[in-house]
Amino acid sequence: MPKIRIRQHVNPLSRKFQQAIALPDWQTIYPHLEYPFHLDIGCARGEFLLQMAQLYPQTNFLGIEIREALAIAANQKRDELGLNNLHYLSGSINASASTLLASLPANSLHYITIQFPDPWFKKKHQKRRVVQLQLVKILVDYLVDGGNIFLQSDIKEVALQMRDRFSANSFLVQKHSTTWLEDNPLPIPTERELYVLSDNKPVYRVLFKKILSQSS
């Protein structure tokens, strides 16, 4: 399938993306709703999840991508591969997180990844960045005790902001003593990660674990 040409960036604060993501009947999507869920926010063309879903057939993978054409194309690839533990939705996670996560089976969200999100460099545009404090709270609230959150970016400023906003949540502990995690803990790199590493540039990674007893 030829690559779809799409806009590199879209404004998540535009009126179009303030509507909640239309949710499917999960039972028609995932035949095993009892499996743990891995949520990938900003999944782009979905290649990371396509490979992860094949490696881990007993995990349900859910990708959120704001650009509708990419989500549609990713679901087509999923269908071609016959994967029944993977689905892609289109829309803004910031406008839909509570509704979306409340619709999943209780205590099913075990892993969250946010990888190489749009940097929105200009100060006036930073409110468009995906990792906002309200989203952090919602994600952590729905993540199971012992669940993981993995963040990475090739833009240090963006990685620092993501790390600081998640680390401010008292239920999260960083799983490594170093400032940044040297290696990706997941077996599949994203397309962006491969591109950055091939150019011998650094990737800034951090891994958190939710531990309820930390704040008890």
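In case you missed it, the structure is sitting above this.
These lines cover the structure that appears in this document, whether it is placed above or below.

## A word on the packing of helix α4 (residues 93-103) against helix α5 (residues 133-142)
In the contact formed by α4 and α5, the axes pass within 10 Å of each other and the chain directions differ by 20°. One finds that α4 runs roughly parallel with respect to α5. When you trace α4 past α5, the crossing you get is left-handed. Along the contact surface, α4 presents Ile93, Asn94, Ala97, Ser98, Leu101 and Ala102, while α5 presents Leu135, Ile138, Leu139 and Tyr142. Looking at the contact of α4 with α5 residue by residue, the classes come out as 8 nonpolar, 2 polar and no charged.

## Overview of the environment of proline 117
Counting through the fold element by element, proline 117 comes out in the loop between β4 (109-115) and α5. Here proline 117 falls in the buried class, since its relative accessible area comes to 15%. Sequence-wise, proline 117 and aspartate 154 are 37 residues apart; in three dimensions their C-alpha atoms are separated by 9.5 Å.

## Let's talk about the pattern of salt bridges
By the definition in use, this model includes 8 salt bridges. Here glutamate 65 and arginine 67 are joined by a salt bridge, their closest N and O atoms 2.7 Å apart. Taken individually, glutamate 65 and arginine 67 each receive the classification buried, so the pair is uniform in this respect. When the shortest N-O distance is used, the salt bridge between lysine 201 and aspartate 199 registers 3.4 Å. Residue lysine 201 is classed as partly exposed on the basis of its relative accessible area of 49%.

Thresholds applied
- Residues numbered from 1 in each chain as written.
- Predicted model: local features only at pLDDT ≥ 70, side-chain atom pairs only at ≥ 80, totals over all residues.
- Heavy atoms only, no water.
- Axes fitted to C-alpha atoms, helices over the stretch in contact; angles between N-to-C directions.
- Helix = DSSP H or I, 4+ residues; strand = E, 2+ residues; numbered from the N terminus.
- Parallel < 35°, antiparallel > 145°, perpendicular 65-115°, else oblique.
- Left-handed = near helix turned anticlockwise from the far one by under 90°.
- Contact = heavy atoms within 4.5 Å.
- Nonpolar A, V, L, I, M, F, W, Y, C, P; charged D, E, K, R; others polar.
- Buried < 20%, exposed > 50% of the residue type's maximum accessible area, 1.4 Å probe, protein only.
- Salt bridge = Lys/Arg side-chain N within 4 Å of Asp/Glu carboxyl O.

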